[in-house]
Amino acid sequence: MIGDGVKQAADALRAARRVVVLTGAGISAESGVPTFRGPDGLWRTYRVEHLATPEAFSRDPTLVWQWYDWRRGLIAKVQPNPGHAVLARWEARWPSFVLITQNVDGLHPRAGSRNILELHGNIWKTRCPVDGTIRPNHDVPLAEIPPRCPFCGGLVRPHIVWFGESLDRDTIRAAYTASRAADVMLVVGTSALVYPAADLPHAACGTGATLIEINPDATPLTDDAGISIRGKAGEILPLLDSYLQRG
Ligand code: BV8
């Protein structure tokens, strides 16, 4: 029963001092941002190897930037949902609270979260491959496709981690440190298929954290989750928050 899971989760969170949350595309689904592997997911329509790899970008930077420009246009029209808002409020609730997200949509910072580890980058930033400069870019649509570095004139890329690329070392290290120190790890809206992000819950469990999963579907993490709540983030997180408020 959802109610029992939510009550159990509230009890575990109330007793915790160090809380880590790992989010995936599912937390943005109720805002209207398509997920990747769901029935209407992006990877159903597009071939990931044609768009989200460094090889795709060097082969056809215009096509890759057209895809990101389309996604940016879509994300610019949506708002964070109640699930994002709860996680933003929770930042001040525990002595240690770290939000780790796989999402590149920027909806967590827009909802007010500040202490965020963006494992896969951010669709609202570009990076110059020549000098590595990362710049915010919120133009919708993009002023030029493909966009160029204002400094060196070279092609800039999305500041996003593509398949086959390593994550930022400091970011993934901080994510593992937070996961290993956690009393509770809440995993919300991820299919838990992409590594190394999908390894973080195992790292948390390995050092004794209670794992709570919120997802309408089962995932490879479900069997390891001490508490698994079958539901939507935008509904379950506010419900969980109300249980926590009751004390
Ligand atoms: C790396 C950027 C070192 C693009 C992304 C074999 C085994 C293990 C690993 C590998 C392997 N072969 C290759 C690898 C490594 C590879 C990998 O993990 N591949 C997987 C697919 C097998 N990983 C990498 O390449 C990473 N780098 O490992 O470097 C290296 C180097 C070379 C070779 C090997 C290793 C880089 C990974 C980052 C890739 N970039 N995106 C872009 O976004 O534009 S990943 C992509 O998937 C997304 O960014 C997203 O962040 C990520 C995870 O997806 P989810 O967020 O989970 O979304 P999904 O749609 O899958 O699921 C949504 C979930 O929400 C579902 O469960 C659904 O039920 C649920 N849901 C739906 N509605 C709701 C909901 N939940 C709650 N509420 C709702 N309302």
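Novice: How should the site of the ligand be read in this particular structure?
Specialist: Taken together, 34 residues sit near the ligand, with Arg37, Tyr68, Arg71, Glu165 and Ser191 positioned nearest. One nitrogen or oxygen atom from the main chain of Gly189 is found 3.2 Å from an oxygen atom belonging to the ligand. The contact in question runs from an oxygen atom of the ligand to an N or O atom on the backbone of Tyr195, over 2.7 Å. Counting residues per element, the ones that place at least two in the shell around the ligand are helix H2 (26-29) and helix H6 (61-76). Take the shell around the ligand: its biggest share by element is three residues, from H6.

Novice: Which parts of the structure should I look at to understand the packing of aromatic side chains?
Specialist: Any two aromatic rings considered together are summarised by their centre-to-centre distance and by the angle between their planes. Counted under the stated rule, the structure contains five aromatic pairs. Both rings, one in Tyr68 and one in Trp162, keep their centres 6.4 Å apart while their planes meet at 45 degrees; by these two values the pair is tilted. Of the two residues, Tyr68 is situated in helix H6 and Trp162 in the loop between strand E6 (157-160) and helix H9 (169-181); the sequence distance between them amounts to 94 residues. For the pair formed by Tyr68 and Trp162, the shared burial category is buried.

Novice: Where do I start with the pattern of salt bridges in this structure?
Specialist: Side chains that differ in charge, positive against negative, can pair when their charged atoms come close. Going through the model one piece at a time under the given rule, you end up with five salt bridges. Of the charged contacts, one joins Lys7 and Asp11 as a salt bridge, the two residues approaching to 3.0 Å between their closest N and O atoms. Of this pair, Lys7 and Asp11 both sit in helix H1 (residues 2-15), four residues apart, roughly one helical turn. Classification of Lys7 as partly exposed rests on a relative accessible area of 45%.

Novice: When you look at the domain arrangement of the protein chain in this model, what are you seeing that I'm missing?
Specialist: Note: interface size is frequently given as the accessible area lost on complex formation between the parts. Under the domain assignment, the protein chain is made up of domain 1 (2-33 + 78-120 + 164-246) and domain 2 (38-77 + 129-160). Placing the centre of domain 1 and that of domain 2 at their C-alpha centroids yields a distance of 27 Å. In this complex, domain 1 contributes nine residues to the contact, which on the side of domain 2 involves nine residues. For the domain 1 and domain 2 pair, buried surface summed over both sides reaches about 710 Å², with 56% attributable to carbon and sulfur atoms. Joining domain 1 to domain 2, the criterion identifies one salt bridge. Between Glu165 and Arg157 there is a salt bridge whose closest N-O contact spans 2.7 Å.

Rules used throughout
- Residues numbered from 1 in each chain as written.
- Predicted model: local features only at pLDDT ≥ 70, side-chain atom pairs only at ≥ 80, totals over all residues.
- Heavy atoms only, no water.
- Near = heavy atom within 4 Å.
- Polar contact = N/O pair within 3.5 Å; in protein donor to acceptor, adjacent residues only side chain to side chain.
- Helix = DSSP H or I, 4+ residues; strand = E, 2+ residues; numbered from the N terminus.
- Phe/Tyr/Trp six-rings, centres within 6.5 Å; stacked < 30°, edge-to-face > 60°.
- Buried < 20%, exposed > 50% of the residue type's maximum accessible area, 1.4 Å probe, protein only.
- Salt bridge = Lys/Arg side-chain N within 4 Å of Asp/Glu carboxyl O.
- Domains from an automatic or database assignment.
- Contact = heavy atoms within 4.5 Å.
- Buried area = accessible area lost by both parts, 1.4 Å probe.

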